[in-house]
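Descriptive analysis of the structure
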Amino acid sequence: RGRSRQSVSERERERKRPAEGGTEQNTTFDSSLRPGAFFDASSVMVQKYQSPVRVYKHPFELVMTAYERRFPTSPLIPMFVGSDITSEYKSEDETIHVLERRCKLDVDAPRLLKKIAGVDYIYFIQKNSLNKRERTLKIEAHNETFANRVVINEFCCYTVHQENEDWTCFEQSASLDIKSFFGFESTVEKIAMKQYASSIKKGKEIIEYYLKQLEEEGIIYVPRWTPMTSPNIEKAIPVPKLTSSPAVTIPGRGDAVAKEEHVNKDLTASSNNSPDSLSGTPDDKLDADYIERYLGDLTPLQESCLIRLRSRLQDAHKGKIPKDEHILRFLRSRDFNMDKARELLCQSLTWRKQHKVDYLLETWTPPQVLHDYYTGGWHHHDKDGRPLYILRLGQMDTKGLVRALGEEALLRHVLSINEEGLRRCEENTNVFGRPISSWTCLVDLEGLNMRHLWRPGVKALLRIIEVVEANYPETLGRLLILRAPRVFPVLWTLVSPFIDDNTRKKFLIYAGNDYQGPGGLVDYIDKEVIPDFLGGECVCEVPEGGLIPKSMYRTAEELDNDDIRLLTETIYQSASVFKGSPHEILIEMVEASSVITWDFDVVKGDIAFNIYHSKRAPQLPKKDTLGAHGITCPGGNNVQLIDKSWQLGKDYSMVEPPLICKEGESVQGSHVTRWPGFYILQWKFHNMPSCATTNLPRVDDVLATLQVSSHKCKIMYYTEVIGSDDFRGSMTSLESSHSGFSQLSAITTSSSQSHSSSMISR
């Protein structure tokens, strides 16, 4: 319950994702069979790969002894059929040893493809160059089979750790260029991905396995080469000659070796002895243990994308680049497409520089109105260690905040919240000892109503969402939406199209008190930190909000000075309502179960708002420019649709009770239609009832008769229709977010009855 579903794109990525492990398992041969798995394409069929630095906490000479045990064959690598030495060179002092092998692999490919290609095995040429003086092993490999169609090059290097001479570092880079392959280029790439996934799964463990095997045989030390002697490893240490070995089960990482301690990034990220052919500078390089500790479990593809993007950013930005966690977020947001991630990240870096976002936490001082009325704040952390942000949206006066602050100030405040979230993620990563790159947001919707549909406020919200999505991707780990009211499906339908699919699948929605039961808050938040207003015992310091006094509203001129474009004339229409001359608009519905939404302000006078339905179309609207009283209507229109001859209950029917709205009120509402046909929204002049206890006229009535009858009332309104398919589609997404919400959505989407809700704010 409450578990987000895996999308099709996710399943596809999981299917393609290679298993984790060290890429050094196949330093020259089987690694060449992993093109599609870890290469990111810069063009259609040309790929490149760069590994992080992997550290063995064993001396170089001992690692080399373990490495040699994989030849001529290894039962741990079933596809590696065998290898033959084709040439060998040793220097007189035996410090240099160059060995060239021809390696034979049995690729798991369809018989038809093998038959078309005319081969049963794939051959690679591997060249190992061992320098005992410098304690390095450089490995170069390229394919011999189909070399004119597919070009695979691989370079690997074992070196001594820069800060600890008893540790050994490993790095690897590779490239793939598929020129042509009988029209099966994509198939070859998929086969390579499959082979890689099976061969690399326990890559690092293979070396660790042979190291443990040496330890069990009592071999824990191999002397270094010295100028006075030329030790021969085979003579110095009784390493048994490999013949044929039965199949062996590779122990897991925890069984083969003790869990490695974290190696400081600054100490292990580089080596002065690293080969020049490996891309980047020593400062560029990331240690595999650092990645696992601070960035999480990444596949070789993801590691390669991170390292290469990081290197490109250093070149472009002269060494000043974002933190690795931030780069990784952009890669994840673009499914590790390096070019797309780089484009988005560079745009974000420019945006941060222009708006000085890096200094926002130090320079931004929230106005007092935010302290008093913004109903959001940080509150401990969830069970996964993610920082927890609580937003009591139902108690927030969105219209008041926008009118009192302006859109830009509200946006700046939201950005400061995101910057604080990044800081808290980094802090929690250190506290909990595991990567934490996102936060959890708990949104309480108690009190949510159509007042929150105020259109300028919605537009401001959508702009904020757009800015946050572009500059803070993959920062939302989970969104818990609690106490969703019946009006929520309408709001969800309006907002959901602007929310990224990857973000939407992180939503868990609870109606009523469902959050208190199994699968509710206790599954994600410790009982001790559940806020008091949700039935918990923890005091929450998030403000309770409330309506912002209109005296705090800013004028249109002040908003213009802040480059705010919230003037209602851009999306609102104005109309005048006279005594005896209502203003009416027509909405035609082709199918039932659609939603009519409205948002209007009563600028002057009191009005009655009605909704009618008719099976037949009224007469074409005619604007009453002179009004019912022969006087022009400045600043607004007046349209009448219902013919004087129509009879209520016969020609048209009232679908909702009248709603009386007073001057200065803002009204938001919605109606789920029951039938197709024609719907008429009507604003009608409303007479206040005179005093019933006396025949004497009231002062208000006298003053009303003295007013100029040409402009009794004025409204500014906006309407929108949500189609039945869109509305039902949003209900489906809600039901997939949380099964408990299905009862609420079923009530709301029922076509057997109409449903309307309105909210008046003063």
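Here the residue numbers are simple positions, counted from 1 along each chain's written sequence. With the structure being a predicted model, the display of local features is reserved for residues of pLDDT at least 70 and the display and counting of side-chain atom pairs for 80 or more, all residues being used for whole-chain, interface and lining totals. Values shown for side chains rest on all heavy atoms present in the structure; no hydrogens or waters enter the calculation.

Quick notes on the overall build of the protein chain
Here a helix means four or more residues in a row that DSSP labels H or I, a strand means two or more in a row labelled E, and each is numbered from the N terminus. Counting its regular elements, the protein chain contains 24 helices and 25 strands. The contacts in the protein chain between residues at least 6 apart in sequence include a share of 78% that link residues at least 24 apart. Of the roughly 36200 Å² of accessible surface on the protein chain, 50% is carried by carbon and sulfur atoms. Contact between two residues is taken to exist if any of their heavy atoms lie within 4.5 Å; hydrogens are not considered. Using a 1.4 Å probe, accessible areas were evaluated by the Shrake-Rupley method; residue-level cover was limited to the displayed protein chains.

Thoughts on the sheet that holds strand β11 (residues 387-391)
A strand pair is defined by DSSP finding two or more bridges across the two strands. Spatially, β10-β11-β12-β13-β14 is the arrangement adopted by the five strands of the open sheet, whose pairing is mixed. Looking at the sheet topology across the chains shown, the edges are occupied by β10 (376-381) and β14 (507-511). Strand-to-strand twist across the sheet, computed as the mean angle between neighbouring axes with direction ignored, equals 20 degrees. Pairing between β11 and strand β12 (residues 439-444): four bridges, direction parallel. Along β12, the bridge assignment pairs I390 with L442. The sheet strands contacting helix α17 (residues 407-432) are β10, β11 and β12, and the helix crosses β10 at an angle near 5 degrees. The convention used is that axes are lines fitted to C-alpha atoms, helices contributing only their stretch in contact, and that angles between N-to-C directions extend from 0 to 180 degrees.

Describing the sheet that holds strand β21 (residues 653-661)
The four strands are arranged β16-β23-β18-β21 in an open sheet whose pairing can be described as antiparallel. Of all the strands in the sheet, the pair left with one neighbour each is β16 (583-589) and β21. Neighbouring strand axes in the sheet, compared pairwise and without regard to direction, differ in orientation by 15 degrees on average. Of the pairings in the sheet, the one linking strand β18 (residues 607-614) to strand β23 (residues 677-685) comprises eight bridges and is antiparallel in character. Looking across to β23, one finds that F609 is bridged to W683.

Observations regarding the confidence of the model for the protein chain
For the protein chain, the mean per-residue pLDDT works out to 76, and 72% of the residues sit at or above 70. Low confidence marks residues 1-44, where pLDDT is under 50. Its contacts with residues over four positions away, or in another chain, come to 161 contacts. Every residue gets a pLDDT, meaning the predictor's confidence in that residue, from 0 to 100. Across residues 563-570, confidence stays below pLDDT 50; counting only partners more than four residues off in sequence or on other chains, it has twelve contacts.

Brief notes about a nonpolar patch on the surface
On the surface, L112, I116 and F182 cluster together to form a nonpolar patch covering roughly 270 Å² of accessible area. The residue F182 is located in the loop between β9 (168-178) and α5 (185-200) in this model. Burial status follows relative accessibility: with a 1.4 Å probe on protein chains alone, a residue under 20% of its type maximum counts as buried, one over 50% as exposed, and anything between as partly exposed. With a relative accessible area of 34%, F182 lands in the partly exposed category. Each patch is built from salt-bridge-free residues with over 30% relative accessible area, joining like charges within 9 Å and nonpolar side chains (Val, Leu, Ile, Met, Phe, Trp, Tyr) within 5 Å. Only one rule defines a salt bridge in this text: a Lys or Arg side-chain nitrogen within 4 Å of an Asp or Glu carboxyl oxygen.

What to know about the environment of S670
For S670, the location among the structural elements is in strand β22 (residues 666-672). Note: C-alpha distance between S670 and V487 (183 residues apart in sequence) is 8.3 Å.

Focus: the nonpolar core
One recurring pattern in soluble globular proteins is that nonpolar side chains are buried together. Core analysis: the largest hydrophobic core is formed by 61 residues, its most contacted members being Y374, L401 and F488. Those residues within four positions of L401 in sequence are excluded, and the remaining contacts are L370, Y373, Y374, M396, G406 and I548. Only buried residues count toward a nonpolar core. Its members are Ala, Val, Leu, Ile, Met, Phe, Trp, Tyr and Cys residues joined through side-chain atoms within 4.5 Å.

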